[in-house]
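Analysis of the macromolecular model
Given next are the chains, with one letter for each unit.
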Amino acid sequence: MLKKYSTIFSGLMVGLYDLELTCFKPNPSAEEQREKLRPDLGKGLERLLVLARSMAEDLGLDAIPPLAERMHNKIADGDYLTINAHDDIAALRSRIE
């Protein structure tokens, strides 16, 4: 089973790490703290969340789907702050690892 997911896992983790770095703002200004997640980043994150949930369900990783669902809902609401997306992506990567 893990052989099947090795390529998927690698691509997922690289994608999440790239998004995490894109969302990172060292010492964010007040304006940057209110910045909403760009739609293109939200779409990319949604694709990764679908992959993460699918893999987690197949492998029995119960801690991942609830966080992925919350993140998906924040994207759908359109009020997802970039700074919060960064923190959530880091938490998701940690749970997957």
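Anyway, here's the lowdown on the structure attached to this text.

The rules we used
- Residues numbered from 1 in each chain as written.
- Predicted model: local features only at pLDDT ≥ 70, side-chain atom pairs only at ≥ 80, totals over all residues.
- Heavy atoms only, no water.
- Salt bridge = Lys/Arg side-chain N within 4 Å of Asp/Glu carboxyl O.
- Buried < 20%, exposed > 50% of the residue type's maximum accessible area, 1.4 Å probe, protein only.
- Helix = DSSP H or I, 4+ residues; strand = E, 2+ residues; numbered from the N terminus.
- Polar contact = N/O pair within 3.5 Å; in protein donor to acceptor, adjacent residues only side chain to side chain.

1. Some details on the pattern of salt bridges
Within the structure shown, the criterion is met by seven salt bridges. Its salt-bridge partner being Asp40, residue Arg38 comes within 2.8 Å of it at the nearest N-O pair. Classification of Arg38 as partly exposed rests on a relative accessible area of 44%. With a closest N to O distance of 2.9 Å, Lys74 and Asp88 form a salt bridge. Of the two residues, Lys74 is situated in helix H4 (residues 64–77) and Asp88 in helix H5 (residues 82–96); the sequence distance between them amounts to 14 residues. With relative accessibility at 34%, the residue Lys74 sits in the partly exposed group. In this structure Asp88 comes out as buried when scored by relative accessible area, which is 13%. Taken together, the salt bridges that share partners define one network made up of Glu20, Arg93 and Glu97.

2. Regarding the environment of Asp40
Tracing the sequence through the fold places Asp40 in helix H3 (residues 39–59). C-alpha of Asp40 to C-alpha of Leu12: the two residues are 28 residues apart in sequence and 17 Å apart in space. Among the polar contacts made by the side chain of Asp40, one reaches the side chain of Arg38 at a distance of 2.8 Å.

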